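Take a look at the letters that make up each chain.
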Amino acid sequence: MHILTKVKHRKGIQESLSNIGWLSSDRFIRMFGALIVGTMVARYLGPREFGFLSYALAIYNLFNIVSNLGLDSLVVRDIALDATREPRILGTGFVLKAAASVITTIAATIAAWFLDPHDRMLVSIVALLSFCSISQALDVIDYFFQAHIRSRYTVVPRRTAFVLASIAKVVAVFLHCGLLAFAWIWALEIVLGEIGLVISYFSYRRLLPRWNWDLGQAKSLLKESWPLLVSSLMIMVYMRTDQVLLGKLSSMEAVGNYTPAIRFSEIWYAIPMIVTTSVMPRLLKSREANPDLYYARLQVFYQALILVSLVVTLGTLAFGPMAVRLLYGSKFAAAANILSIHIWTGIFVSVGCVGGQQYVHEKITSSALHRTLLGAIANVVLNLLWIPRWGGIGSAMATLVAQGISSYFADALERRTHHIFRMKTLAFLRFWLLPFRLLQGTAE
């Protein structure tokens, strides 16, 4: 009752919990919707064609992440700290993202042609998705709602676009459509989601946006964001380069078996991302007033996410392989073994999400670059060594090792992140020692 009373009288806690509720419900719907529809698409296309589509999406994602320019957390932070600069921050962020999206669209198309000059389908799919993603410059509206902890205004339009796209994919399966039709559906989902964001922004503000371009603001954002940009790119490298390398070093069938496993695993990545998005802006404000309280709460936050991630991991180990075989069928049997390895990356993803926000709060974003660079190098090297020998299993092992290096061990290599490494280590130790403490207490 004491906890409920405390929550009732703390507006900040209520807002954070409401935000988590909206994001969690959205993820729940997306998780099961993508699982059902994705299974239908995979079964319809089969391992080879599904692997080809996943291969094209991996190439697109590698370049699309660059168009973000690492601005998301910085824009959220700056608006949360000083709402009076909101028009200048949003306007500058929009122009920067739009310009970057045009450049990455051209780069992605050239890269797809370079990887396979004779495959027009690959080039067409990558070009289509990249071109439609120029509209994601409007994601600055999402950052605005994150800063104000009003994610429901983002959830509704994107959920609507997702539901419409899911229905379209089911229809495409029954109509026996080709790969390009599914690519069009993915592309239109992006555009519809961004149009929905604009509508949500108007409904919230009830006036035309007065966004302003400011060269000084752009220089300030880019100066601080470039390490985050490279860091985000490196994260995408060690999350998607495995699919690209599998396609080049093994086969499209290997990509087709690998993709269901990592999608099943990555569904759970949303948990730490949702909670971090909702909690960290509030923690940032407490850091200004009481640094000791900020670090104490942050320590508890690390421990809580490790606990949640371990529960998810153990549950997936128990039921995941059976679920993969049941949903995808015997053609995708190899995905079950890949999942049992890849699911462990979620624990490192959890501490990495909180650590990444901590870098932004403490203005040491270059450290994010260092850690993800190490992880990306490790992932590429290990994939090159292990894919020829173990295929998808080797790629899952490479991703796990790379995630551990990037999200945890790299913090020990730099003096100014030693305190973050200590916090993560303490979180792991306190959690793993908890059963022994409980046993000791029972014995006494």
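Throughout what follows, the structure given in this document is the object of discussion. (Residues numbered from 1 in each chain as written. Predicted model: local features only at pLDDT ≥ 70, side-chain atom pairs only at ≥ 80, totals over all residues. Heavy atoms only, no water.)

Attention now moves to the environment of Tyr55. Within the secondary structure, Tyr55 sits in helix 2 (residues 11-64). The class of Tyr55 is buried, set by a relative accessible area of 3%. For Tyr55, the contacting residues outside a window of four places in its chain are Leu115, Leu122, Gln243, Val244, Gly247, Lys248, Met252 and Val255. (Helix = DSSP H or I, 4+ residues; strand = E, 2+ residues; numbered from the N terminus. Buried < 20%, exposed > 50% of the residue type's maximum accessible area, 1.4 Å probe, protein only. Contact = heavy atoms within 4.5 Å.)

So, about the side chain of Asn383. Mapped onto the elements of the fold, Asn383 is located in helix 15 (residues 365-390). On the basis of relative accessible area, Asn383 is assigned to the buried category, the value being 0%. Excluding anything up to four places from it in sequence, Asn383 contacts Thr241, Asp242, Leu245, Leu249, Pro388, Ser395 and Ala398.

This paragraph deals with the packing of aromatic side chains. In this description, an aromatic ring pair is defined by two values, namely the gap between the centres and the angle between the planes. The full count for this structure, using the stated rule, is 11 aromatic pairs. The interplanar angle of 45° and the centroid separation of 6.1 Å between the aromatic rings of Tyr44 and Phe182 together place this pair among those described as tilted. Here Tyr44 is found in helix 2, whereas its partner Phe182 is found in helix 8 (residues 179-205), with 138 residues between them in sequence. When its relative accessible area of 27% is taken as the criterion, Tyr44 is described as partly exposed. A relative accessible area of 0% places Phe182 in the buried class. With a centroid separation of 5.0 Å and 75° between ring planes, the pair formed by Tyr294 and Tyr295 is classed as edge-to-face. Relative accessible area serves as the criterion here: at 0%, Tyr294 is assigned to the buried category. Aromatic rings pair up to connect Phe348, Tyr408, Phe409, Phe421 and Phe428 into one cluster. Positioned above the aromatic ring of Trp186, the side-chain terminus of Lys169 is 3.8 Å from the ring centre. (Phe/Tyr/Trp six-rings, centres within 6.5 Å; stacked < 30°, edge-to-face > 60°. Lys NZ or Arg CZ within 6 Å of the ring centre and 35° of its normal.)

Side chains of Val163, Leu164, Ile167, Val171, Leu175, Leu192, Ile195 and Ile199 sit close together on the surface and give an oily, nonpolar patch of about 730 Å² of accessible area. Listing elements by their share of the nonpolar patch, those giving two or more residues are helix 7 (152-174) and helix 8. At four residues, helix 7 tops the list of elements feeding residues into the nonpolar patch. (Patch = residues over 30% accessible without salt bridge, like charges linked within 9 Å, V, L, I, M, F, W, Y side chains within 5 Å. Areas by Shrake-Rupley, 256 points an atom, 1.4 Å probe, with all protein chains shown as cover. Salt bridge = Lys/Arg side-chain N within 4 Å of Asp/Glu carboxyl O.)

The subject of this paragraph is helix 14 (residues 345-361). When the terminal C-alpha atoms of helix 14 are compared, their 25 Å separation across 17 residues agrees well with the 24 Å that a helix rising 1.5 Å per residue should span. Counting buried residues along helix 14, 16 of its 17 residues qualify, which places the element largely inside the surrounding structure. Just downstream of helix 14 lies Lys363, where phi reads positive at about 55°. (Expected span 1.5 Å × (residues − 1).)

If you look at the biggest cluster of nonpolar residues, it comprises 56 residues, and the most contacted ones within it are Leu45, Leu53, Leu122, Ile125, Val126, Leu129 and Phe182. Here the element with the most residues in this core is helix 2; it accounts for 15 residues. Beyond its immediate sequence surroundings of up to four residues, Phe182 is in contact with Val41, Tyr44, Leu45, Leu53, Lys169, Ala172, Val173 and Cys177. (Core = buried A, V, L, I, M, F, W, Y, C linked by side-chain atoms within 4.5 Å.)

With that settled, the discussion passes to helix 10 (residues 252-266). With 15 residues, helix 10 ought to run about 21 Å at 1.5 Å a step, and its terminal C-alpha atoms sit 20 Å apart, in line with that. With respect to burial, helix 10 is a largely interior element, 13 of its 15 residues being buried.

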